[in-house]
Amino acid sequence: MGRRALLHILGSPGDPHIRGVTAELLTRGVTCLVYSPVADEEGTRLPSVRLTDASGIAVSVEPKDWWWLRSKHRTIRYRSADDQRRSFEATTRRDVALSLIANRGCRCFNNEWRGLPDKLTQLDIARSLGFAVADTLVSCDKAQIIAFIQASGRTIVKPFSMSFAPAYGSDDATLISIMANVVRVAEISAACDEQVASFPAIYQACIEKSHELRVVAFGDACLGFKN
């Protein structure tokens, strides 16, 4: 029959609303997992996601689970690198949660996730349509990332959802670009656990491209460019 449904909560473990709800649900036999929006606050680590061309998406979240997006984290001005990090973490962790909700078809107390296009679903749809998809891991678990790189060989890392991050000392309008990069075991090993756990990222086996395609669709009309 499998495990019972879980309640996944994205929010501060110290939030009195979360503490009250989880304490009451515990007396009723409901297991709650609380994921902090920032690494400064202890909580359960977001589930890792593995996608392979052969088997599709594997993750510990099940369709019968519920989600509560309680996080209210918002930074207006970034006065330090720490403000920048916290903002990036909160946004990325929220986007991972939204992606899991959409991809697994979970029930959610918040309705804001509906219709969100996310990378996990896009990769899985591409795989189901017959496109070759690179072996992919979405994780902030240091041991899992190292094992993935060792198994994949040459590996790239890129942000899960944010291609830009706010520059500290500025407001939301000033952004810096974040590029995909080749990552090595030595770099992950040299980083402390807290650095790796700060935010989930996408790790993929590196496939050298022969060319790029840009395809624009206008209804049934498609226009493609190769470079």
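See the structure printed just above.
A quick note: this is a predicted structure, and the numbers were derived from the prediction, not measured.

Scoring rules and cut-offs
Residues numbered from 1 in each chain as written. Predicted model: local features only at pLDDT ≥ 70, side-chain atom pairs only at ≥ 80, totals over all residues. Heavy atoms only, no water. Helix = DSSP H or I, 4+ residues; strand = E, 2+ residues; numbered from the N terminus. Buried < 20%, exposed > 50% of the residue type's maximum accessible area, 1.4 Å probe, protein only. Contact = heavy atoms within 4.5 Å. Areas by Shrake-Rupley, 256 points an atom, 1.4 Å probe, with all protein chains shown as cover. Pairing = 2+ DSSP bridges. Axes fitted to C-alpha atoms, helices over the stretch in contact; angles between N-to-C directions. Phe/Tyr/Trp six-rings, centres within 6.5 Å; stacked < 30°, edge-to-face > 60°. Patch = residues over 30% accessible without salt bridge, like charges linked within 9 Å, V, L, I, M, F, W, Y side chains within 5 Å. Salt bridge = Lys/Arg side-chain N within 4 Å of Asp/Glu carboxyl O. Core = buried A, V, L, I, M, F, W, Y, C linked by side-chain atoms within 4.5 Å.

Topic: the overall build of the chain
- A tally of regular secondary structure across the chain gives six helices and 16 strands.
- Counting only residues that meet the buried cut, the chain has 39% of its 227 residues in that class.
- Across the chain, contacts joining residues at least 24 apart in sequence account for 72% of those joining residues at least 6 apart.
- Of the roughly 12,900 Å² of accessible surface on the chain, 55% is carried by carbon and sulfur atoms.

Overview of the sheet that holds strand 13 (residues 181–183)
- Pairing in this open sheet of six strands is antiparallel, and the strands run 4-3-8-14-9-13 from one edge to the other. Edge strands, defined here as strands with exactly one partner in the open sheet, are strand 4 (56–58) and strand 13. On average, each strand axis in the sheet is tilted by 25° relative to the strand beside it, whichever way the strands run.
- With three bridges connecting them, strand 9 (residues 155–159) and strand 13 associate as antiparallel partners.

Details of the packing of aromatic side chains
- Under the definition given, this model contains two aromatic pairs.
- Ring geometry for Trp66 against Phe109: centres 4.8 Å apart, planes inclined by 20°, an arrangement best described as stacked. Here Trp66, found in strand 5 (residues 66–69), pairs with Phe109, found in the loop between strand 7 (107–108) and helix 3 (119–128); they are 43 residues apart in sequence, far enough to count as distant.
- A residue is classified by how much of its surface remains accessible, and Trp66, at 31% relative accessible area, is partly exposed.
- The exposure class assigned to Phe109 is exposed, which follows from its relative accessible area of 52%.

Looking at the pairing of strand 15 (residues 213–218)
- Summarising burial for strand 15: zero of the six residues are buried, a small minority.
- Sheet topology note: the strand 15/strand 16 (residues 221–226) ladder contains six bridges and is antiparallel. Counterpart to Arg214 in the pairing with strand 16 is Phe225.

Observations concerning the pairing of strand 9
- Pairing analysis gives five bridges linking strand 9 to strand 14 (residues 201–205), with the strands arranged antiparallel. Bridging from a neighbouring strand, Thr155 pairs with Ala205 of strand 14.

Structural notes on a nonpolar patch on the surface
- Judged by side-chain polarity, Val216, Phe218, Leu223 and Phe225 come together as a nonpolar surface patch covering roughly 410 Å² of accessible area.
- At the level of elements, strand 15 and strand 16 are the ones that each hand at least two residues to the nonpolar patch.
- Looking at the element boundaries, Val216 is found in strand 15.
- For Val216, a relative accessible area of 37% gives the class partly exposed.

Quick word on the pattern of salt bridges
- Applying the stated criterion to the full structure yields 11 salt bridges.
- Linking Lys64 and Glu62 is a salt bridge whose minimum nitrogen-to-oxygen distance equals 3.5 Å.
- Exposure remark for Lys64: the relative accessible area of 28% places this residue in the partly exposed category.
- Take Glu62: its relative accessible area is 26%, and that puts it in the partly exposed class.
- As a salt-bridge pair, Lys142 and Asp193 come within 3.7 Å of each other at their nearest N and O atoms. Residue Lys142 is located in helix 4 (residues 142–152), and its partner Asp193 is located in helix 6 (residues 193–197); the two are separated by 51 residues in the primary sequence.
- We classify Lys142 as buried; its relative accessible area is 18%.

Quick word on the nonpolar core
- If you look at the biggest cluster of nonpolar residues, it comprises 23 residues, and the most contacted ones within it are Val49, Trp67, Leu69, Leu100 and Leu120.
- Counting only elements with at least two residues in this core, the list comes to strand 3 (49–52), strand 5, helix 2 (81–104) and helix 3.
- At five residues, the largest contribution of residues to this core is made by helix 2.

Points about the sheet that holds strand 1 (residues 7–10)
- Pairing is parallel across the open sheet formed by four strands, whose spatial order is 2-1-5-7. For this open sheet the edge positions go to strand 2 (32–35) and strand 7, each flanked by a neighbour on one side alone.
- Of the pairings in the sheet, the one linking strand 1 to strand 5 comprises four bridges and is parallel in character. Residue pairing in the sheet places His8 in a bridge with Trp67 of strand 5.
- On the sheet, helix 2 packs against strand 1, strand 5 and strand 7 and is oriented at approximately 150° with respect to strand 5.

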